[in-house]
Each structure stands twice: as C-alpha cells, then as structure tokens.
Amino acid sequence: MTKQTGALAWVLMAVLSLIWGSSFILIKRGLDVFSAGEVGAIRIIAASTFLLPFAIKGLKNVQRKDWVLLLCVGLFGSFIPAFLFAKAQTQIPSSVAGILNALTPLFTMIIGAVFYSQKFTAKTVLGLIIGFGGTVVLILAGTGGDLSALNYYALLVVLATIFYGANLNLIKFKIPDLRARTITSISLMLVGPLAIAYLFIMTPFVDKLASEEGAYFSLGAIVLLGVMGTAIALILFNQLVKITTPIFTSSVTYLIPIVAVIWGILDGEQLFLGHYLGMAAIIFGVYLANRKKKPIQPAQVPK
C-alpha cells in the first residue's frame, strides 16, 4: 500500500466511522416525530431509492437462483434491522444502541461456525465470551441490580446484530459471484415496495408530515440516515475493502461505538459506569476474536 493509498484509507475509515456512528443519533431525531415503524420504513425507502440506478444496472448479472437469496439479504441485512433499531431506541439511549451494534462481528462468526462449518480458535471463543459478558453488563447498567428495571429493548438491538451476522454469511457463502454494490442495491429494491406499502397504508405518516411541528426536520434526518448510512457508506466501504486488508477494514467496528457515545453525550444522554465497562468489554472481545495470528518468520541463516 503506497503512502497516498494509505492516507486515503485513513480518510475513508474516519468518514465511515462518522457516518455509521452518527446513524443512531439520526434515528433518535427521527423518533422525535415519527413512530419506530415509520422511521424504519422511511430509512429503507430512502436507501432503496438512492441505489435504484445501481440496481437497474445490475439486473443483467442476476440469475434466477439469486432472487430468493437477494430478498433474504434485503430482509436480514436492511429491512428487519431498520425496524428493530428504531423500536429499541424508543426506550434505550442512542449511544447504547451504537455500542451493542459492535456485536455484529461476533454473531457473524458464530453463525458461520454453526451453519457454514467455519472453525473457531481458542482466542476466538475467549473473545466471544468477553463480548457477551460486556453485553450483559451493558444491558444491566443503570438497573442497580434490580432485574425488574432491566431494559429488554436492548435485546432488540442484539437481535438486529444476529440478523446482520446471518446476512453477512449468506452473502459470503451463497452469492459470492455478485458484486457487493449489486447485492445491496437489488436487495433494497426488493424490500423497498414493502416499506412503501407499510408507510403509506399502515401508518399516519402523511398526516404527521402535514401537521406535526418539526416533521420535515425529522424526515430529513431519516432520509440522511438512509442515503448516507446505507447507500453512500456502502460505496465508501467497498472502496476501503479494495485498497486495504480485511483486518484494517474491520477496525471500523471499534470506532463506531465511540462516535455513537460522543453523539449521545452531546445530546444529554446519561451513561453509567457499567455502560463504559460494557463497551470496553465488547470492543475488546471483538478485537480478540478477530485478531489474526502473525505468521512465523523463517529463521535467519547466519552468513
């Protein structure tokens, strides 16, 4: 990697961390006016509309056997998590949602091992245990040991990361012949009509937009979330994958929670010591589970 490429990689890493780390505060702003279902639907519609030209262009590369898989990608990787995150953030801080999102790589590895015969190392298992321990600490934070005060809405974010993990394995092992941009754009094109039908038939979105104060600001936040957080971020991420190593690329996972926490604090969210301890455990667990063993260097023969 050249010096110029390395500088570009760090710039892309910083931009992606800001975009994805800011997703949770944008969801929060959307929830100021709209319901969780409306936020999820608008997010999907915005992303699918923005990527529609790429989807149309990529249709020629899709085979008949791929359509069901692409629909599953749209549901698991975008549609269902969009609704789960929005619903969770009606009851948990945006910063906590951002921290829990870091569990995605761990569930990706677990699902890969269970369903796709991927191998675990002892270090990976230890990382998984630490990560799950951090999740428990995070969910219990602020309850004072009172289980009746446990915020079960955090489990919706955990469920969303499980869907993300399933989606990543589905893409890797079932449709490896399609480009990432084609997969994402067409999968969103397939679930876009579901979001449109839900938003305009099942919710009072139009009435809220016409009558609620601040509705257009909240709508703008959600559209920005869909366009930046899904569409543009995907293009930048694909570029980062091309010019760097998988280990460098996966580092964005560690930065997203930090950005989410900063936004939460700036927005007046209260975090307890347990939140910080849980975040540290999750990030360390993800790092440990993803850490690659350095290759053994051949012994130098004395001259």
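What this report covers is the structure whose coordinates are included nearby.

Calculation rules
- Residues numbered from 1 in each chain as written.
- Predicted model: local features only at pLDDT ≥ 70, side-chain atom pairs only at ≥ 80, totals over all residues.
- Heavy atoms only, no water.
- Patch = residues over 30% accessible without salt bridge, like charges linked within 9 Å, V, L, I, M, F, W, Y side chains within 5 Å.
- Areas by Shrake-Rupley, 256 points an atom, 1.4 Å probe, with all protein chains shown as cover.
- Salt bridge = Lys/Arg side-chain N within 4 Å of Asp/Glu carboxyl O.
- Lys, Arg positive; Asp, Glu negative; His and termini not counted.
- Charge placed at Lys NZ, Arg CZ, Asp CG, Glu CD.
- Helix = DSSP H or I, 4+ residues; strand = E, 2+ residues; numbered from the N terminus.
- Phe/Tyr/Trp six-rings, centres within 6.5 Å; stacked < 30°, edge-to-face > 60°.
- Buried < 20%, exposed > 50% of the residue type's maximum accessible area, 1.4 Å probe, protein only.
- Contact = heavy atoms within 4.5 Å.
- Axes fitted to C-alpha atoms, helices over the stretch in contact; angles between N-to-C directions.
- Parallel < 35°, antiparallel > 145°, perpendicular 65-115°, else oblique.
- Left-handed = near helix turned anticlockwise from the far one by under 90°.
- Nonpolar A, V, L, I, M, F, W, Y, C, P; charged D, E, K, R; others polar.
- Core = buried A, V, L, I, M, F, W, Y, C linked by side-chain atoms within 4.5 Å.

Where like charges cluster on the molecular surface, the positive patch consists of Lys57, Lys60, Arg179 and Lys242. Assignment of secondary structure puts Arg179 in the loop between helix 9 (154-174) and helix 10 (180-202).

Let us look at the packing of aromatic side chains. With the rule as written, the count across this model stands at 10 aromatic pairs. Seen from their ring centres, Phe76 and Phe163 are 5.6 Å apart, and the 40° between their planes marks the pair as tilted. Of this pair, Phe76 sits in helix 5 (residues 66-88) while Phe163 sits in helix 9, placing them 87 residues apart in sequence. Feature note: the residues Phe24, Phe85 and Tyr164 constitute an aromatic cluster, connected by ring pairs.

Our next topic: a nonpolar patch on the surface. Together, Ile196, Phe200, Ile201, Met202 and Val206 make up a nonpolar patch on the protein surface, roughly 540 Å² of accessible area in all. Broken down by element, the nonpolar patch gets its largest block of residues, four residues, from helix 10. Take Ile196: its relative accessible area is 40%, and that puts it in the partly exposed class.

On to the environment of Gly58, then. Turning to its location among the elements, Gly58 is positioned in helix 4 (residues 52-58). Remark: the alpha-carbon pair of Gly58 and Arg179, spanning 121 residues in sequence, is separated by 8.9 Å. Here Gly58 is in contact with Thr182 and Ile186, once residues within four sequence places are set aside.

Moving on, we come to the packing of helix 3 (residues 36-50) against helix 10. Running from amino to carboxyl end, helix 3 crosses helix 10 at an angle of 140°, the nearest separation of the two axes being 8 Å. It follows that helix 3 is oblique to helix 10 by the angle criterion. At the point where helix 3 passes helix 10, the crossing takes the left-handed sense. Contact residues: helix 3 offers Gly37, Glu38, Ala41, Ile42, Ile44, Ile45, Ala47 and Ser48, while helix 10 offers Leu188, Met189, Val191, Gly192, Ala195, Ile196, Tyr198 and Leu199. Residues of the contact of helix 3 with helix 10, tallied by class, amount to 12 nonpolar, three polar and one charged.

To continue, consider the nonpolar core. Judged by nonpolar contacts, the single largest core of 71 residues is most densely connected at Phe34, Leu100 and Ile282. Among the elements that take part in this core, helix 12 (residues 215-243) stands out by supplying nine residues, more than any other. In this structure Ile282 touches Ile99, Leu100, Ala102, Leu103, Gly131, Gly134, Thr135 and Leu138, once residues within four positions along its chain are discounted. Among the nonpolar cores identified, the runner-up in size contains nine residues, and Val73, Ile175, Ile183 and Ile186 belong to it.

Attention now goes to the side chain of Ser48. Within the secondary structure, Ser48 sits in helix 3. Apart from the residues lying within four places of it in its own chain, the contact partners of Ser48 are Leu188, Met189 and Gly192.

Considering all chains together, one arrives at six salt bridges under this definition. Among the salt bridges present, the one from Lys28 reaches Glu269, with a minimum N-O distance of 2.8 Å. A residue pair is termed long-range when its members are at least 10 positions apart, and Lys28 in helix 2 (residues 23-30) and Glu269 in the loop between helix 14 (252-266) and helix 15 (273-290) qualify at 241 residues. Glu38 serves as the salt-bridge partner of Lys208, at 3.0 Å between the closest nitrogen and oxygen. In this pair, Lys208 sits in helix 11 (residues 205-211) while Glu38 sits in helix 3, placing the two residues 170 residues apart along the sequence. A residue is classified by how much of its surface remains accessible, and Lys208, at 17% relative accessible area, is buried.

Let's shift gears to helix 2. The buried count for helix 2 comes to seven of eight residues, which makes it a mostly enclosed element. Of all the residues in helix 2, the buried ones are Ser23, Phe24, Ile25, Leu26, Ile27, Arg29 and Gly30.

The residue Gly226 is located in helix 12 in this model. Along the backbone, Gly226 and Val39 are 187 residues apart, and their C-alpha atoms lie at a distance of 9.9 Å. Residues in contact with Gly226, not counting those within four places in the same chain, are Arg43, Ala46, Ala47 and Ala231.

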